[in-house]
Each structure stands twice: as C-alpha cells, then as structure tokens.
Amino acid sequence: MSETTQIARGLEGIVAGRSSVSTVDGVQGRLVYQGYDIRELAELSSFEEVCFLLWHKRLPDSGELEELKESLAAARSVPPAILELLEMLPPRSGMAALQTAVAALGLLDPEADDVSPPSNARKAVKLTAQVATIVAAFHRLRRGLPVVEPDPLLGHAANFLWMLFGEKPEKAAARAMDVALVLHADHEYNASTFSARVTASTLSDMYSAIAAAVGTLKGPLHGGANEQVMKMLEEIGSPERAEEVIQAKLASKQRIPGFGHRVYKTWDPRALILKRYSEELGRARGQTLWYDISLAVEQAVRKEKDLYPNVDFYSASVYYTLGIPVDLFTPVFAVSRIAGWTAHLLEQYEDNRLIRPRAEYTGPMDLRYVPIEDRPPRQATA
Ligand code: ACO
C-alpha cells in the first residue's frame, strides 16, 4: 500500500455500491424508499405496503397488497423446534436469541442454500413474518407465559402487539406500531445492512446474512441505542434534571444515546415523526413524563452540542408508552429492519461481487522465525 493511500476510518463517505432500495440526504434531512419520501409513507402507507415497495421496487395494486398480506400472515408460525430452542435460551438478550433463532431457521429450511431470486423472495416473506413471531415468543417464554398464536385477521403491526401482550391492541397503539415499523424498515448502507450484504457477497445464504445483520444491529452505536436512551430517560427521572445530567455526561466525554448520526447533519426525519407520536401517545395514555424528559434532553443536547436526535431517540418513549419492555426495543427495531435487510439481499444476490476491502498494514515486517525452544521466556524480555 502506498504512503499516499487515503484511509476512510469507519468507511466514512465511501460509496461502497449501488442500490435503489433507499437513500438518505443528510443535509436536507430526507429519507426516501424507492423514490417515496418517508414522511408520506409514514402518513399514508403501511408496513406491508412498504415491504412490497422495498422488495418489488414499486407500490403494489390492491390485489398485490392483499396477496402479500395473506402470504405474510400465512408464514407467521415458526416450526415447533424454534419455540423449543427459544425456551432453552437464557432470558438475557432478545437480540442474541433472535440471532440464534434465525440461524436455526436456516438449518431447518431445506432450501436455505438456494440463493436464486424466487427462493430468496420466498425467504424474504418468511423471515419478515417470523422475526416478529420469534421476538414475541422469546419474550413470553422467558416470562413463563404461553406463546400467543398469530391472528391472520390482524395486520403485521397489530399482530405483533397481540403476540407480545396477548391482548388485541387499540387502534392508536396498532397505528403507532405500524408507523414505527414503516420508519425503521430501511436506511441505505447502514452498518447492519452492510454487514448482511458483506455476508451475502460471499454467496453465503440469506439466513446467515440476516444473523450477521442482527448481531450488528445489537450494538449501542447502532440499533442498541434505543435501549440506552430509555435507560438514560429513567436515570434522569424528571425534565428538570435533564440539563444537569446531560452537562455532566458531556463533561465526562460520554456519548448521549439517540443523538448524532454518520450521515444526518440535521434532524433525522424519522425522529421528527416519532417525536410527534411520542407526544400524542403520551397524551392519549395520560402519561407524558417520558416525552417531557425527552424534550428536555433534546433541548439540553442542542444547547451544549450541535447534535440532533436520531431515530433511536424518540422511538424509545414511543415503545415504552406502548408497554414494550426496554430490553426488547432493539429486537423491535429488527422486526422492522428485516424488510430492508432482505430487500438489500435480493439486490446483492442479483448483481453480486465479493465485498473485500483492504487494510493499511501497521504490523512489523521481515521478522525471522525463532524455534520455540530458543525463545527467551516472556518475563525475561519484559
Ligand atoms: N454524544 C456526544 N457526542 C457525540 C455524539 C453523542 N451521541 N455523537 C457524536 N458525538 C461527537 C463525537 O464525540 C465527536 O466529537 P469530536 O469530534 O469532538 O471528538 C463528533 O461528534 C463526531 O463523532 P463520531 O464518533 O466521529 O461520529 P460517527 O459518525 O463515527 O458516529 C454515531 C455516529 C455512532 C451514531 C455517534 O453519533 C454516536 O455514538 N451516537 C450515539 C449512539 C447512537 O445514538 N447510535 C444510533 C445511531 S442511529 C442508528 O444506528 C439506528
């Protein structure tokens, strides 16, 4: 590697491929799925319709949408072996459980290694339907509760809440969940999507690629931030304490979860929509504390640093108000992002090239091998 090689740490600013799934305009604060602005989709569309859009690169007609809804509903039940596996797992991490279950789904699928477009299209539907079932079942099993059978009459978002809580959600809750799923469905070459594409680029199978993506989403710098946000809101406890706590965190060089973004240098459009839902849901349920603390944190961070909330900031109070346990926030992110991951995988397999960057070597060169019996003990050389 020459001395003039430019290194983009964290691949910042690097365009690593072409994609028509979605694009982010970090200056204008826009997110576009296949040409459609996320604000319009959040207002007018549904998660199922967004799945169709991401997978087929166009909006469906009403017959096609009905067909996809039926296919998703028909694919919701997971094999009994997956439920047995989930029951055996420690209750600690929904993301680790999801990753394990996705890998196991691959082992149970006889066509797992078939990466042809029709087979991958079937897997996109199956994985999108079943990630929701796995997250809900894992949570119920770890609480010693019976698994709730999916209800084919409910849409994806409402059915997820039904499988999680065992109660039919009210309209406003189902709508808020649906909007959250629409907003989280895709985000260009984010870390977990890139991870999925790297895995697929070796022509490994779709389940392996999704398992890799789940592991990547788990981290607190990515999807794991939504859980950290809620822990911080709980730690702050009241809007009056927000400024003091934020100042102390920033003074000790801590990162504020839910703020900052590699691409957005302004408001993340998803955060603006979720902010509205956080307030509206809070008011509807007579509990605006989490919205009020969030707002105070937003103002404190904006005052101290030029950082805007990202998607994980206001999703935390939305999920909390919906009654979702904090340690399921990141798995809920995956319940949505599976749509985008699978859309990117369809694209990757269709026009694949191995993703394999280079590293600038910083280790020594030209050392001579010394047989082990001739090497001095480490302590003596220290
Ligand atoms: N709190 C405090 N300071 C921050 C934050 C934050 N949340 N985010 C960025 N900064 C500061 C950094 O300290 C750095 O300042 P410096 O130049 O004075 O050292 C500067 O902003 C740039 O930060 P980088 O780490 O270089 O930005 P990068 O693009 O690598 O990181 C990231 C982006 C990881 C999202 C970062 O903003 C962060 O850690 N945020 C908190 C975690 C989070 O919310 N992640 C979710 C992102 S959205 C998603 O993945 C779904």
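Residues numbered from 1 in each chain as written. Predicted model: local features only at pLDDT ≥ 70, side-chain atom pairs only at ≥ 80, totals over all residues. Heavy atoms only, no water.

The protein chain goes by Citrate synthase in an unreviewed UniProt entry, where it is assigned to Carboxydichorda subterranea. Per UniProt, the comment on the protein chain under Sequence similarities (unreviewed entry) is "Belongs to the citrate synthase family." According to UniProt, the comment filed for the protein chain under the heading Catalytic activity (unreviewed entry) is "oxaloacetate + acetyl-CoA + H2O = citrate + CoA + H(+)". (UniProt positions renumbered as here; feature names shortened; annotations may be inferred.)

K.L.:
Would you mind going over the overall build of the protein chain in detail, with residue names and values included?
P.N.:
What the protein chain contains, in helices and strands, is 17 helices and three strands. The C-alpha atoms of the protein chain give a radius of gyration of 22 Å, which matches the 21 Å a tight globule of 382 residues would have. Principal axes of the C-alpha set define a box for the protein chain whose edges measure 75 × 55 × 45 Å. Each of the 382 residues in the protein chain was classed as buried or not, and the buried ones make up 51%. Surface accessibility of the protein chain: about 19000 Å² in total, with carbon and sulfur atoms responsible for 52%. Looking at charge distribution, the protein chain has the averaged site of its 42 positive side-chain charges lying 5 Å from that of its 49 negative ones. (Helix = DSSP H or I, 4+ residues; strand = E, 2+ residues; numbered from the N terminus. Rg over C-alpha atoms; globule rule 2.2 N^0.38 Å. Buried < 20%, exposed > 50% of the residue type's maximum accessible area, 1.4 Å probe, protein only. Areas by Shrake-Rupley, 256 points an atom, 1.4 Å probe, with all protein chains shown as cover. Lys, Arg positive; Asp, Glu negative; His and termini not counted. Charge placed at Lys NZ, Arg CZ, Asp CG, Glu CD.)

K.L.:
Please set out the packing of helix α9 (residues 191-201) against helix α10 (residues 206-217) residue by residue, giving values where relevant.
P.N.:
Axis separation between α9 and α10 bottoms out at 8 Å; the angle between their running directions is 150 degrees. Relative to α10, the element α9 is oriented roughly antiparallel. Our pair here, α9 against α10, has a crossing hand that is right-handed. For the pair α9 and α10, the contacting residues are A191, S192, S195, A196, T199 and A200 in the first and S208, A209, A212, A213, T216 and L217 in the second. Residue classes in the contact of α9 with α10 are distributed as seven nonpolar, five polar and no charged. (Axes fitted to C-alpha atoms, helices over the stretch in contact; angles between N-to-C directions. Parallel < 35°, antiparallel > 145°, perpendicular 65-115°, else oblique. Left-handed = near helix turned anticlockwise from the far one by under 90°. Contact = heavy atoms within 4.5 Å. Nonpolar A, V, L, I, M, F, W, Y, C, P; charged D, E, K, R; others polar.)

K.L.:
Requested: an account of unusual backbone geometry, with residues and values cited.
P.N.:
At K57, a residue that is not glycine, the phi angle is positive and equals roughly 65 degrees. If you trace the backbone, K57 turns up in the loop between α2 (47-56) and α3 (62-74). Phi is positive for K253, close to 60 degrees, though the residue is something other than glycine. Relative to the helices and strands, K253 is located in the loop between α12 (242-251) and α13 (269-284). For K253, a relative accessible area of 75% gives the class exposed.

K.L.:
Provide a residue-level description of the site of the ligand, including the pertinent values.
P.N.:
As a matter of local geometry, the ligand sits amid 20 residues, with H222, R255, I256, G258 and R262 nearest to it. Between an oxygen atom of the ligand and a side-chain N or O atom of N310, the distance comes to 2.9 Å. Of the residues in the shell around the ligand, the class split is 10 nonpolar, six polar and four charged. (Near = heavy atom within 4 Å. Polar contact = N/O pair within 3.5 Å; in protein donor to acceptor, adjacent residues only side chain to side chain.)

K.L.:
Requested: an account of the domain arrangement of the protein chain, with residues and values cited.
P.N.:
What the domain assignment reports for the protein chain is domain 1 (20-219 + 327-350) and domain 2 (225-321). The C-alpha centroid of domain 2 is placed 25 Å from the C-alpha centroid of domain 1. Of the residues lining the interface, 32 residues belong to domain 1; the matching set on domain 2 comes to 24 residues. When domain 1 packs against domain 2, the two sides together hide about 2000 Å² of surface, and 66% of this comes from carbon and sulfur. Contact with domain 2 buries area across many residues of domain 1, yet L183, H184 and F329 alone supply 30% of it, more than any other trio. The interface formed by domain 1 and domain 2 holds two salt bridges in total. Salt-bridge contacts for R285 lead to E170; the nearest nitrogen and oxygen are separated by 3.9 Å. Our count for the contact surface shared by domain 1 and domain 2 stands at six residue pairs in polar contact (both at pLDDT 80 or more). Elements supplying a minimum of two residues to the side of domain 1 that touches domain 2: β1 (22-25), β2 (30-33), α1 (38-44), α8 (171-184) and α16 (329-350). A total of nine residues in the side of domain 1 that touches domain 2 trace back to one element, the largest contributor, which is α8. (Domains from an automatic or database assignment. Buried area = accessible area lost by both parts, 1.4 Å probe. Salt bridge = Lys/Arg side-chain N within 4 Å of Asp/Glu carboxyl O.)

K.L.:
Give a description of helix α7 (residues 156-165) that names residues and reports values.
P.N.:
Judged by how many residues are buried, α7 sits mostly within the fold: nine of 10 residues are covered. Buried within α7 we find H156, A157, A158, N159, F160, L161, W162, M163 and L164. Of the surrounding elements, those touching the buried residues of α7 are α2, α6 (117-142), α8 and α16. At the exit of α7 stands G166, carrying a positive phi of roughly 70 degrees.

K.L.:
Could you give an account of α8, with specific residues and numbers?
P.N.:
In an α-helix, one turn spans 3.6 residues, which is why side chains three or four residues apart end up on the same side. Taking 1.5 Å as the rise per residue, α8 with 14 residues should run 20 Å; its terminal C-alpha atoms sit 20 Å apart, in good agreement. Most of α8 sits out of view: 11 of its 14 residues are buried. For α8, the set of buried residues is A173, A174, A176, M177, D178, V179, A180, L181, V182, L183 and H184. (Expected span 1.5 Å × (residues − 1).)

K.L.:
Tell me about the environment of T199, and please be specific about residues and values.
P.N.:
Note that T199 resides in helix α9. By relative accessible area, T199 is classed as buried at 18%. The residues contacting T199, other than those within four sequence positions of it, are S204, S208, A209 and A212.

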